[in-house]
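Single-letter residue listing:
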Amino acid sequence: MHICSVVGARPQFVKLAPFSAAIRARGHRETILHTGQHYDEGMSARFFTELGIPEPDVNLGVGSGRHGEMTARALEGIERELLARRPDLVVVFGDTNSTLAGALAAAKLGVPSVHVEAGLRSFDRTMPEEINRIVADHVCDLLFAPDETAMSNLAREGLADRAVLTGDIMVDAFLRASERAPDEETLRRRFRLGEGPYGVLTVHRAANTDDPRRLAAIVEGVRGGTTLLFPVHPRTRAALAAAAIGLPENVRAVDPLGYLDMVGLVRSAAVVVTDSGGLQKEAYLAGTPCITLRETTEWPETVDLGWNVLTGADPERIRAALAHPPRGKERPPVFGDGRAAERMAAAIEERLARGRTGAGRG
């Protein structure tokens, strides 16, 4: 079977690594289509090298821009490649504009499709990612849900017959990376973190970066106290400069990091402060308290179990959470056992290759 995997951004590269390994181990042909949504070395090429992902067969080079522009360029390029390469199946990951474009292109052309990490809902439709998730779930033929909450969301929307509970493929990736990530001593030395506790800070969501007042409020909230290592997303760096927002002394800005470094840093950190969905979950897997710079989350289990607190961009709430980071009593394996990719490959063969949803043209 010929599978086309569509990716474009850092979280998708991480999910692609175990998925690609699983389907190739079963003898399937894979075309990796990179939209180029993340295009610099720190956000793209390094991840393919570190995670052992084959080089993309095509890179559309859509770059950055407004949501409509990016999605349109990706949709046009993906459609062109699907017509030329004629895969039996298209697989999209997560909730980016590349996810939306890949799902729509496949649906328009009648190519069976799979959504990996289906069923997540923040219930905040002001987030572009929420719209991308919902549309992808409703147009894809097979939905791989990471947990029971996602399965319930899909059932509520009438999609239960397409859904399969596979576990979270990010657990697969995190466990693999943990075996290879740099140790704490190496990371402290490399980033000059000293001997005291440190945290990891990331800010990249448009709701935070595109609003100078919110961005300034977040910076004010993390001022003072714990040293925070801040891998700065290119969009965030531009937003800080445009608004003339300076970083406090305790925040140490660095260029975007590879996945192995991030896993090692999160594992050894005293706290993670982020607006990233994936990093909330990685913090949970590492047993590291998380402060989420949003009012909603697509990973409510991390909050319910006491490992994550939502502060929005409120400086006082951020400071209070940094003073007393959330630390739950238990950390049950709600996101699976690290074998999600195997289950996905098996489900594709069972439910698509055998024609249960009309897939398989060769």
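Structural notes, computed from the coordinates. (Residues numbered from 1 in each chain as written. Predicted model: local features only at pLDDT ≥ 70, side-chain atom pairs only at ≥ 80, totals over all residues. Heavy atoms only, no water.)

### Section: helix α4 (residues 97-109)
Using the following cut-off: Helix and strand definitions here come from DSSP, where helices need a minimum of 4 consecutive H or I residues and strands a minimum of 2 consecutive E residues; each element is numbered from the N-terminal end. By this rule, a helix spans an expected 1.5 Å times one less than how many residues it contains. Burial classes: relative accessible area under 20% of the type maximum marks a residue as buried, over 50% as exposed, and values in between as partly exposed (1.4 Å probe, protein chains only). Contacts between residues were defined by any pair of non-hydrogen atoms, one from each residue, lying within 4.5 Å. Under this definition, polar contacts are N or O atom pairs within 3.5 Å; protein pairs additionally need one hydrogen-donor-capable and one acceptor-capable atom, and for neighbouring residues in sequence, both atoms have to be side-chain atoms.
Here α4 spans 18 Å end to end across 13 residues, near enough to the 18 Å set by a 1.5 Å rise per residue. Regarding α4, the residues found buried are Asn97, Ser98, Thr99, Leu100, Ala101, Gly102, Ala103, Ala105 and Ala106. At its buried positions, α4 is contacted by β1 (2-7), α1 (10-25), α3 (67-85), β4 (89-93), β5 (113-116) and α5 (128-139). Capping the start of α4, threonine 96 holds a side-chain oxygen 3.1 Å from the backbone nitrogen of serine 98, two or three residues further along. Among the residues trailing α4, glycine 110 stands out with phi positive, at a value near 75 degrees.

### A closer look at the nonpolar core
The test is simple: For our purposes a nonpolar core is just a set of buried Ala, Val, Leu, Ile, Met, Phe, Trp, Tyr and Cys residues, chained together by side-chain atoms within 4.5 Å.
Of all hydrophobic cores here, the largest spans 55 residues; its most connected members are Phe19, Val114, Phe144, Tyr259 and Leu265. Residue contacts for leucine 265: discarding those within four places in its chain leaves Leu187, Phe191, Leu193, Tyr198, Val200, Leu229 and Leu257. Judged by nonpolar contacts, the second largest core, of 31 residues, contains Leu33, Ala136, Leu154 and Phe335.

### Details of the packing of helix α7 (residues 169-180) against helix α13 (residues 277-286)
Threshold: Only the stretch in contact is used when a helix axis is fitted, and all axes are lines through C-alpha atoms; the angle between N-to-C directions ranges over 0 to 180 degrees. An angle below 35 degrees is treated as roughly parallel, one above 145 as roughly antiparallel, one from 65 to 115 as roughly perpendicular, and anything else as oblique. In this scheme the handedness of a crossing depends on how the near helix is turned from the far one: anticlockwise by less than a right angle means left-handed, clockwise means right-handed. Gly is put with the polar residues, along with every residue not named as nonpolar or charged; the nonpolar set is Ala, Val, Leu, Ile, Met, Phe, Trp, Tyr, Cys and Pro, and the charged set is Asp, Glu, Lys and Arg.
The interhelical angle for the contact between α7 and α13, taken along N-to-C directions, is 55 degrees, at an axis separation of 11 Å. Compared by their axis directions, α7 and α13 come out oblique. For the element pair α7 and α13, the recorded crossing hand is right-handed. For the pair α7 and α13, contact is made by Met170, Val171 and Phe174 and by Lys281, Glu282, Leu285 and Ala286, respectively. Considering only residue class, the contact of α7 with α13 consists of 5 nonpolar, no polar and 2 charged.

### Quick notes on the packing of aromatic side chains
For any two aromatic rings, the description comes down to two numbers: the centre-to-centre distance and the angle of the planes. Selection rule: Stacked, tilted and edge-to-face are the three classes assigned to paired rings of Phe, Tyr and Trp, where Trp is represented by its six-membered ring and a pair needs centres within 6.5 Å; plane angles under 30 degrees give stacked, over 60 edge-to-face, the rest tilted. Put simply, a charge is over a ring when the Lys NZ or the Arg CZ is close to the ring centre, within 6 Å, and near the line of the ring normal, within 35 degrees.
One pass over the structure, following the stated rule, counts 5 aromatic pairs. Measuring from centroid to centroid gives 6.3 Å for phenylalanine 13 and phenylalanine 47, while their planes differ by 55 degrees, and the two rings are tilted. With phenylalanine 13 in helix α1 and phenylalanine 47 in helix α2 (residues 45-51), the pair connects residues that are 34 residues apart, well separated along the chain. Residue class for phenylalanine 47 comes out buried when judged on its relative accessible area of 0%. Ring centres of tyrosine 284 and phenylalanine 335 lie 5.6 Å apart, and the angle between their planes is 85 degrees; this geometry places the pair in the edge-to-face category. Of the two residues, tyrosine 284 is situated in helix α13 and phenylalanine 335 in the loop between α15 (315-323) and α16 (340-353); the sequence distance between them amounts to 51 residues. Both residues of the pair, tyrosine 284 and phenylalanine 335, belong to the buried class. Cluster of aromatic residues (ring-pair linked, three or more members): Phe13, Phe47 and Phe48. The ring of tryptophan 307 has arginine 331 lying over it, and the distance from NZ or CZ to the ring centre is 5.9 Å.

### Thoughts on the pattern of salt bridges
Rules: The term salt bridge refers to a side-chain nitrogen of Lys or Arg lying within 4 Å of a carboxyl oxygen of Asp or Glu.
Applying the stated criterion across every chain, the model contains 25 salt bridges. For glutamate 282, the salt bridge identified is with arginine 10, shortest N-O distance 3.9 Å. Of this pair, glutamate 282 sits in helix α13 while arginine 10 sits in helix α1, and the two are 272 residues apart along the sequence. Like arginine 10, glutamate 282 is buried. When the shortest N-O distance is used, the salt bridge between aspartate 337 and arginine 343 registers 2.8 Å. For arginine 343, a relative accessible area of 33% translates into the label partly exposed.

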